[in-house]
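Tertiary structure, described
For reference, the chains in residue letters:
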Amino acid sequence: MTLATEAQEIKTAETEYPIHNLLRDRWSPRAFSDESVDPDLLMQLFEAARWAPSSYNEQPWKFIAARKEDEQAFEKLSKVMNEFNRGWAKEAPVLVLGLTKTTFDLDGRTNRHAGHDLGQAIAHLTFEAGRHELFVHQMAGILPEKAHELYDIDEDYEPLTMFTIGYKGDPESLKGKIRKQETTPRRRKPLDEVVELNVG
């Protein structure tokens, strides 16, 4: 049994109620293998994101992606991460920047749901990835100003998050605290803390 497989067994969610295995097995590794992600498969993940629900069907998201094989594009996109995330995420085979459109096409009003809708799209992508034994790790630690400096981003788009995509790697490839986190069981608040449901 490999260390990566052991880590997966530890990370499988212990749920209060039965859920789909794609949900139980989803987690956010930082250790990725050096196996390439096929471009057509990568586009399949973005196709899943494309069909996510959104307010007024505005689809207020855009993605900038780079595969490690394209060294120049990958290095450029890696500069949008903060120093901590750059330390481990540059080993992943795919980097993606997620942006939100901050206004509605419909009438120009501020779209305060755009971040929620981008999250929906990334969730769709994440579970399509899981179907192909790919993993996604989302990152809040990014440098939006750097994204605007490096890319031609419309003024009504906001760089909001980044994420890695890849096949699971060996936790021993990580250093320090994040290596320990890679093999620590997942925890969630109990349902009765987050759901109020009146039955009767």
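Before reading further, recall that the structure is shown in the block above.
What counts and what doesn't
Residues numbered from 1 in each chain as written. Predicted model: local features only at pLDDT ≥ 70, side-chain atom pairs only at ≥ 80, totals over all residues. Heavy atoms only, no water. Buried < 20%, exposed > 50% of the residue type's maximum accessible area, 1.4 Å probe, protein only. Helix = DSSP H or I, 4+ residues; strand = E, 2+ residues; numbered from the N terminus. Arc of directions from axis to C-beta. Pairing = 2+ DSSP bridges. Axes fitted to C-alpha atoms, helices over the stretch in contact; angles between N-to-C directions. Contact = heavy atoms within 4.5 Å. Phe/Tyr/Trp six-rings, centres within 6.5 Å; stacked < 30°, edge-to-face > 60°.

1. Some remarks on helix α4 (residues 71-78)
All of the buried residues in α4 are Phe74, Leu77 and Ser78. Buried residues in α4, looked at end-on, bunch into an arc of 105°, giving them a common side.

2. Observations concerning the sheet that holds strand β4 (residues 157-166)
With antiparallel pairing, four strands are arranged side by side in an open sheet as β1-β2-β4-β3. Bordering the open sheet on either side are β1 (61-67) and β3 (135-139), each of which pairs with just one other strand. Across the sheet, the axes of successive neighbouring strands diverge by a mean angle of 25°, strand direction being ignored. Bridge analysis of strand β2 (residues 94-101) against β4 gives eight bridges, and the strand direction is antiparallel. Its bridge partner being in β4, leucine 99 is matched across the sheet by proline 159. Relative to β1, helix α3 (residues 39-50) is tilted by about 165°, and along the sheet it contacts β1, β2 and β4.

3. As for the packing of aromatic side chains
Taken as a whole and judged by the stated rule, the model has four aromatic pairs. Relative to phenylalanine 135, the ring of tryptophan 27 lies with its centre 6.1 Å away and its plane at 70°, an arrangement referred to as edge-to-face. Pair noted here: tryptophan 27 is in the loop between α2 (21-24) and α3 and phenylalanine 135 is in strand β3, with a separation of 108 residues, a long-range link. Among the residues examined, tryptophan 27 registers a relative accessible area of 4% and is labelled buried. Residue phenylalanine 135 is classed as buried on the basis of its relative accessible area of 10%. Here tyrosine 56 and phenylalanine 104 contribute two aromatic rings whose centre-to-centre distance is 5.5 Å and whose plane-to-plane angle is 85°, an arrangement assigned as edge-to-face.

All we've got here are geometric facts, nothing functional implied.
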